[in-house]
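# Examination of the molecular architecture
One-letter residues, chain by chain:
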Amino acid sequence: MTLLFFSEVDRVDWWTGELNKAAPDIPVRAWPDVGDPADIRWALVWKPRHGLLASLPKLELILSMGAGVDHVFADPTLPAGVPVTRIVDPMMTAGITEYVLLHVLRYHRFLPVLEAQQRERVWKMRFDLHRLPAERRIGILGLGVMGADSAAKLAALGFAVAVWSRTEKTLPGVARFHGPAGLAPFLASTNILVCLLPLTPATEGILCAANFAHLPEGAFLINAGRGGHLVDDDLLAALDTGRIAHATLDVFHTEPLPVDHPFWAHQRITVTPHNAAISDPRSIVGQVIDNIRRLVAGRPLVNQVDTAQGY
Ligand code: NDP
Ligand code: OXD
């Protein structure tokens, strides 16, 4: 009964060290040292190579190392019927909220404009750029663990916050929209659009020209969901027309972002390397071990993903 660790981007020794510390009784193997595939009962993975999970004949549980699980469902050979869990971690949620606040405040205070002035050595007080937080509508796509925390913190700073989810929700102090019919009215009054959706067939390409057209002129975009939410060319076109004034992107169709991608050099795009929040094993291994022990004891798993919904 062995746990397989797979990630090609994380610090393997850090993860295996924390796993061994938290559960010395659970043998851990780190890919590519799989050994006998029949030994592997549980797999803790980030962007597993397609076919890896299908090659483990006794696999009983797939644990995503992240909050998102699209990287698991992207594997066309994913073994059917094996439960998938995801991470819900306060440290990661705090990381996303910091990222959202950082970039919302940057836009709210027109920092890219002031930075451009500095480059030109222009001293000009910009009374025209003064806005009250309540005059700014921050629209958050996704009202899950991440979206709800960002919404609450932004509302506490006095921003006008709106949220959009799949099902109808209650959240005091914010305007709520849901479902396909709620999207256009949600976008229509959004000045700063924040995407914190999971990537599923229903949300893929949601950041597209047709939806940008509902935004007020000069809106800002922050995408910390997934690269697959964004239609890259539609963003470039929306920046050209001024529909979108500036975008901050943490996630991309291809990661690492290819060196020749136009986003790198665009004056009105900020690129961060998928580090809005980091999966920190010190905070996360506890729930991984807990879920393995739950499975072994026949108890319900925590944070099990709804395979039908894909999140
Ligand atoms: P949750 O599963 O807790 O929340 C997902 C939210 O999205 C829910 O509110 C859900 O609606 C909504 N949603 C899903 N599908 C639709 C749809 N078709 N239409 C409208 N709303 C929809 O996820 P988390 O908040 O934990 O994480 C969200 C995503 O953030 C992750 O999947 C990942 O992609 C990204 N992420 C990025 C990180 C980074 O470093 N850049 C780090 C961590 C996460 P409902 O409430 O009705 O179910
Ligand atoms: C995640 C991520 O899904 O890091 O946790 O993107």
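Provided above is the structure to which this section pertains.
Here the structure is a predicted model, which is why all the values come from computation and not from measurement.

## Focus on the sheet that holds strand β8 (residues 175-178)
Spatially, seven strands are ordered β8-β7-β6-β9-β10-β11-β12 in an open sheet, and the strand pairing comes out parallel. The open sheet terminates on both sides in strands that have one partner only, identified here as β8 and β12 (269-271). Direction aside, the axes of adjacent strands within the sheet are offset by 15 degrees on average. Bridge count for strand β9 (residues 192-195) against strand β10 (residues 219-223) is four bridges, and the pairing is parallel. What sits directly across from Cys-195, in β10, is Asn-223. In the packing of helix α8 (residues 232-241) onto the sheet, contacts are made with β10, β11 (244-249) and β12, and the angle to β11 comes to roughly 145 degrees.

## Description of the state of the cysteines
Applying the stated criterion across every chain, the model contains zero disulfides. Counting only cysteine sulfurs, Cys-208 is the nearest neighbor of Cys-195, a cysteine outside any disulfide, at a range of 12 Å. Its relative accessible area of 0% is what places Cys-195 among the buried residues.

## Description of the nonpolar core
The biggest cluster of nonpolar side chains holds 45 residues, and the ones touching the most others in it are Leu-44, Val-104, Leu-154 and Val-194. Here the element with the most residues in this core is helix α3 (residues 90-108); it accounts for seven residues. Counting residues domain by domain, this core receives three or more from each of domain 1 (2-89 + 279-297) and domain 2 (90-271). Aside from chain neighbours lying at most four places away, what touches Val-194 is Val-100, Val-104, Ile-138, Gly-139, Ile-140, Leu-141 and Ile-222. The next biggest cluster of nonpolar side chains, apart from the first, holds 27 residues, and it includes Cys-195, Ile-206, Ala-238 and Leu-249.

## Overview of the site of ligand 2
Residues in contact with ligand 2, as listed here, are Trp-46, Gly-66, Ala-67, Gly-68, Met-92, Arg-226 and His-274. Interatomic distance of 2.7 Å between a side-chain N/O atom of Arg-226 and an oxygen atom of ligand 2. The separation between an oxygen atom of ligand 2 and a polar side-chain atom of His-274 is 2.6 Å. Tallied by class, residues from the shell around ligand 2 come to three nonpolar, three polar and one charged.

Rules used throughout
- Residues numbered from 1 in each chain as written.
- Chains lettered and ligands numbered in written order.
- Predicted model: local features only at pLDDT ≥ 70, side-chain atom pairs only at ≥ 80, totals over all residues.
- Heavy atoms only, no water.
- Pairing = 2+ DSSP bridges.
- Helix = DSSP H or I, 4+ residues; strand = E, 2+ residues; numbered from the N terminus.
- Axes fitted to C-alpha atoms, helices over the stretch in contact; angles between N-to-C directions.
- Contact = heavy atoms within 4.5 Å.
- Disulfide = S-S within 2.5 Å.
- Buried < 20%, exposed > 50% of the residue type's maximum accessible area, 1.4 Å probe, protein only.
- Core = buried A, V, L, I, M, F, W, Y, C linked by side-chain atoms within 4.5 Å.
- Domains from an automatic or database assignment.
- Near = heavy atom within 4 Å.
- Polar contact = N/O pair within 3.5 Å; in protein donor to acceptor, adjacent residues only side chain to side chain.
- Nonpolar A, V, L, I, M, F, W, Y, C, P; charged D, E, K, R; others polar.

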